[in-house]
Structure formats: C-alpha cells, structure tokens
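Here's the letter readout for the chains.
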Amino acid sequence: MGKILEVSNLTIHIKTHKGIVQAVRDVNFYLNEQETLAVVGESGSGKSITMKGIMGILPKNGKVTEGTVMYNGKDLTKYTEREMQTIRGSEIAMVFQDPMTSLNPTMRIGKQIEEMLKAHKKDMTAEQRKARAIELLSLVGISNPEERYKQYPHQLSGGMRQRVVIAIALACDPKVLIADEPTTALDVTIQAQILDLMRDLQKKTKTSIIIITHNLGVANIADRVAVMYGGKLVETGDVYEIFKNPCHEYTKGLLASIPKAHEKGNRLRAIPGTPPDLMDPPKGCPFAARCNETMVVCQQFMPEYTECGKFHKSACWLLDPRAKGGKA
C-alpha cells in the first residue's frame, strides 16, 4: 500500500490581537492507503488545527506559512478555494467534534445527507439521492433508516447523531476520512460502538482514516499513532510499539493517565503543569517544563528524531547516545 497523504514541514500561524500563535510547527507525517492513523495529544497541542490546515478550512486569521500537503501527488496548500471545494467531501471528508453543532436543527436528517450528494454527485436524481441517504443510514448502523431519514437531529440520541455525521462524511465515498474527537461527550458504551463502527466501515469502504483524540485509549483501534504536543510531533510509531515501548516522556505520561480496571482505589495520575504558550514557544523540547527527566539541553535545543524501533521514532534527548540518564 502506498502513501495517500503526506504532510511535510507543515507550519501554521494564527494571527490574534495579542500576537502570532505558532499553532503548528514543522509537522511531518503520512497516511497510507486503507490505514488508520491516530493523532493524539492534549487540547491545544495542534491536532485539530493541523487537520483544518489540510482541509483548507483554517479560520480567516490562520495561515499555512510553510510546508506541503501532498495528496495523490498534488500539493493541497497551493489549491485555490474553488479547487479545494472539489476535494472536500468528495475526496477528503471530515467528521467534526460536536455532531449537534455540525447538524442543521431545522433540516431533516435525510435532507442533510442529500446536501452532500447534491454538491458532488450532480448527476443523481432525487430518488437516487434518497435511496443513497437511506443506504448510508443503514451502513452506519442506524435501525429503521426510512423512519430516521424523516426525523430532525433533536429526535436522535448523541450516538445516533454521531452516526449521521459519519454517514454525511461517507456520502461521496471519500478516500480519506478525518474524524475529530468522534467519541467526545458519549458514554463509554456508545464510544465503543462508534469505534467498532469506524473499524467496520473501513473494512467495507477501504477508506483511509485519521482519528484525532486526546485519549490514547481510543487510539488502540489505529494502525499507527502520532503524538502531538506544543504544536510539534514528538513521537510516531506502530500502535503496538507506542503502547508497549513509549519513548517520549509525554507519551509515557499520557499512557499512565489512562484509568486501569485492575488498579481500583488508586489515585488517577495526571501530568503536572500546563501546555506551553505558543505565542512564545520554548526554544527546546516543548515538554521540558513539565518533564521529570528534563536536562539543560532539553530547555535549549529541540531534539532530533531518534529511531526506537521499526517505523517508531521519538524526539527526546534522553534517547540520544550522549545522554547519561542524569538530570541537569
């Protein structure tokens, strides 16, 4: 399988009245065909804004200042808005974080799915659009799709609304599906159902998927994991490698913060401190101020990536052969 999406040296700035926020800094990653990539990190780490940069839907005060986004051999950062409109929805689709704000409360569910088909499948008749909408509702596991087709968003549960948003995103058979926090605000049982649904859909539709999440527990459905912090990519690797052999101290902290059923009665672990101010990002490792193993070099210089295993690399000075393991 080849690479369907490749992001190189992506840098995104957000202009505010207080100054420039360096939201994404020199980010590199790729997505293979029929692969699931989980992009993990705390709120404010740059996950969602990276994906909005790929989709060309940055806020008006946001701008890609450097880097390329190669899709099928073409750089999307060079596309005009009109050219991107032909890509969004049909080639690359996005499931946004809150389905209630993504759906129009005044329109019936079926009509909202048909809106996507009207935009990209202009040769379809009204009857064909309706049949496709009902087919999609069934595909995402909604029972009685003919009835749901006629209903409004407020008549559906949170899990059903999330399934509808996924159905809209899949309407035109996109090659890449970006899901931004697809399990947020859902209870644990429904979260598991949505994740199972996405796994099943990928097998059926052969779509490549990027899942954005702050929860490494959600990332275990992915093939590979990319960990972001402070606008930078600090570790990437095969999902098994990340869980069994985390190499960056931030990744270790995220894994330690996941509640474990066999550790009842113990205190939940949290990473102390707060993320860096990206108006004035640190010169060195963005995690240095919160890391228990920080050294002087961590605060002064950003480490290069070190290979930790097959397809596994991490940007941490502790992995450098010159590091003795002692704090400074």
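As shown above, the structure is provided for reference.
Residues numbered from 1 in each chain as written. Predicted model: local features only at pLDDT ≥ 70, side-chain atom pairs only at ≥ 80, totals over all residues. Heavy atoms only, no water.

Q: Whenever I open this one, the nonpolar core confuses me. Can you help?
A: As a rule of thumb, nonpolar side chains are buried together in soluble globular proteins. Membership of the largest hydrophobic core comes to 38 residues, with the highest contact counts inside it found for Ile-113, Val-164, Ile-166, Leu-177 and Met-198. Contributing elements (two or more residues each) for this core: β6 (92-95), α4 (109-120), α5 (126-139), α7 (158-170), β7 (176-180), α8 (188-205) and β8 (208-213). The greatest single-element share of this core, amounting to eight residues, is contributed by α7. In contact with Ile-113, other than residues within four places in its own chain, are Ala-133, Leu-136, Leu-137, Ala-167, Ile-168 and Ala-171. (Core = buried A, V, L, I, M, F, W, Y, C linked by side-chain atoms within 4.5 Å. Buried < 20%, exposed > 50% of the residue type's maximum accessible area, 1.4 Å probe, protein only. Helix = DSSP H or I, 4+ residues; strand = E, 2+ residues; numbered from the N terminus. Contact = heavy atoms within 4.5 Å.)

Q: Mind showing me how you'd approach the packing of α4 against α7 here?
A: Across the interface, α4 lies against α7 with an axial gap of 8 Å and an inter-helix angle of 25°. Judged on the interaxial angle alone, α7 and α4 are roughly parallel. Seen from above, α4 lies across α7 with right-handed handedness. Side by side, α4 and α7 meet where Ile-109, Gln-112, Ile-113 and Met-116 of the first sit next to Val-164, Ala-167 and Ile-168 of the second. (Axes fitted to C-alpha atoms, helices over the stretch in contact; angles between N-to-C directions. Parallel < 35°, antiparallel > 145°, perpendicular 65-115°, else oblique. Left-handed = near helix turned anticlockwise from the far one by under 90°.)

Q: Help me out: how do you make sense of the environment of Pro-321 in this one?
A: Examined against the element boundaries, Pro-321 turns out to sit in the segment after β12 (312-314). As for Pro-321 and Thr-306, which are separated by 15 residues in sequence, their C-alpha atoms are 9.7 Å apart.

Q: Explain the side chain of Thr-251 here, please?
A: Residue placement: Thr-251 occurs in helix α10 (residues 249-256). Apart from residues lying up to four places away in sequence, Thr-251 is in contact with Leu-216, Val-227, Glu-235, Ile-242 and Pro-246.

Q: Help me understand the sheet that holds strand β5 (residues 74-75), please; the structure alone is not making it clear to me.
A: Whenever strands of a sheet pair, they do so through backbone hydrogen bonds, lying parallel or antiparallel. Pairing is antiparallel in the open sheet, where four strands are placed in the order β2-β1-β4-β5. If you trace the sheet from one side to the other, it starts and ends with β2 (19-32) and β5, each paired once. Strand direction decides the pairing type here: strand β1 (residues 3-16) and strand β4 (residues 62-71), joined by eight bridges, are antiparallel. Following the sheet pairing, His-13 is matched in β4 by Lys-63. (Pairing = 2+ DSSP bridges.)

Q: Whenever I open this one, the state of the cysteines confuses me. Can you help?
A: Note on terminology: a disulfide is the covalent bond linking the sulfur atoms of two cysteines. Going through the model one piece at a time under the given rule, you end up with zero disulfides. In this model Cys-298 remains outside any disulfide bridge; the closest cysteine sulfur is found in Cys-285, 6.2 Å from its own. With relative accessibility at 9%, the residue Cys-298 sits in the buried group. Just so you know, Cys-316 is unpaired, no disulfide at all, and the nearest cysteine sulfur is the one on Cys-298, 6.5 Å from it. Given a relative accessible area of 8%, Cys-316 falls into the buried group. (Disulfide = S-S within 2.5 Å.)

Q: What is the right way to look at the sheet that holds strand β3 (residues 36-40) in this model?
A: The eight strands lie next to each other as β6-β7-β8-β3-β9-β10-β12-β11, forming an open sheet whose pairing is mixed. Of all strands in the sheet, those bounded by a partner on one side alone are β6 and β11 (306-309). Averaged over all pairs of adjacent strands, the angle between strand axes in this sheet comes to 20°, irrespective of strand direction. Strand direction decides the pairing type here: β3 and strand β9 (residues 224-229), joined by four bridges, are parallel. Its bridge partner lying in β9, Ala-38 is registered against Val-225. α7 contacts β6 and β7 of the sheet and is inclined by roughly 170° relative to β6. In the packing of α8 onto the sheet, contacts are made with β3, β7 and β8, and the angle to β8 comes to roughly 160°.

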